[in-house]
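Here are the chains, one letter per residue:
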Amino acid sequence: MSDRSLTSMPGVAKVKREFDAQPLMHFLGAELTHASPGECVIELPYRDELSQHHGYFHGGVIGMLADNAGGFAGYSLMPDEASVLTVEYKINLMAPAVGERMIAEGSVVRAGRNLVVTRAEVFVIHEGERRHCASMQQTLMTMHPAKDRG
C-alpha cells in the first residue's frame, strides 16, 4: 500500500501519524506496511538484538508487535479525537519464531464505543516460507476526551 493511500482513508492517516511518532517502533526497526480501517500490518526484520538464547525472535518482541498491530487496527476505527490504550491481551506462542522477518497482522473482531476487541496473527518468513508462530486476542479501551463539567 502506498503512502498516499495510507493517508487518504478516514482513520488511517492518524494510524500512520501515531506509528511514525512511536519511538519504540523506530528503535526496533519496525515498518507499517499496511493500514486500512480495522486492519494493520507491521513487519520487523530480524536482528540478533531482538532474539532470545536460541536465536529466535524473543517472545516479548512477538507480543509487542502483535499488541501494536492489533492496537493500531482498533485505533483506526476510533473517533479522531480519541486515543487508545491496551486493557489486556492473551497470546499463544505456537512455534519458534525463527526467520529473517516477522509479520504481525492485526484486525478488529468487534468495535464498541468504549471497548474494542482485536486479534493479531504473527508469522515469520524463514527461507522464503511463511510460518504461523503466534496468535493474540486483545481488548482495547477508547480514551474519549474529558468533557468539562458545567
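As the structure is a prediction and not an experimental result, all values here were calculated from the model.

A. Structural detail: the sheet that holds strand β1 (residues 31-36). Here we have six strands laid out as an open sheet, ordered β1-β2-β4-β5-β6-β3, and antiparallel in their pairing. Two strands in the sheet have a free side with no partner beyond their single neighbour: β1 and β3 (83-93). Direction aside, the axes of adjacent strands within the sheet are offset by 20° on average. Both strand β2 (residues 39-45) and strand β4 (residues 101-111) contribute to a ladder of seven bridges, which runs antiparallel. Across the sheet, residue P45 finds its bridge partner in β4, namely R101.

B. Spatial organisation of the nonpolar core. Counting 35 residues, the largest nonpolar core has I42, L44, F57, L65, M102 and V122 as its most contacted members. Breaking this core down by element, the ones donating at least two residues are α2 (12-20), α3 (23-28), β1, β2, α4 (59-75), β4, β5 (115-126) and β6 (129-143). Per-element tally for this core: the top contributor is α4, with nine residues. Ignoring any residue separated from it by four or fewer positions in sequence, one finds F57 in contact with L44, P45, Y46, L50, S51, Q52, I62, A97, G99, R101, M102 and V124.

C. Representation of the environment of L85. Along the chain, L85 turns up in strand β3. Along the chain, L85 and N114 lie 29 residues apart, while their C-alpha atoms are 11 Å from each other. Other than its neighbours up to four places away in sequence, L85 contacts T139, L140, M141 and M143.

Thresholds applied
Residues numbered from 1 in each chain as written. Predicted model: local features only at pLDDT ≥ 70, side-chain atom pairs only at ≥ 80, totals over all residues. Heavy atoms only, no water. Pairing = 2+ DSSP bridges. Helix = DSSP H or I, 4+ residues; strand = E, 2+ residues; numbered from the N terminus. Axes fitted to C-alpha atoms, helices over the stretch in contact; angles between N-to-C directions. Core = buried A, V, L, I, M, F, W, Y, C linked by side-chain atoms within 4.5 Å. Buried < 20%, exposed > 50% of the residue type's maximum accessible area, 1.4 Å probe, protein only. Contact = heavy atoms within 4.5 Å.

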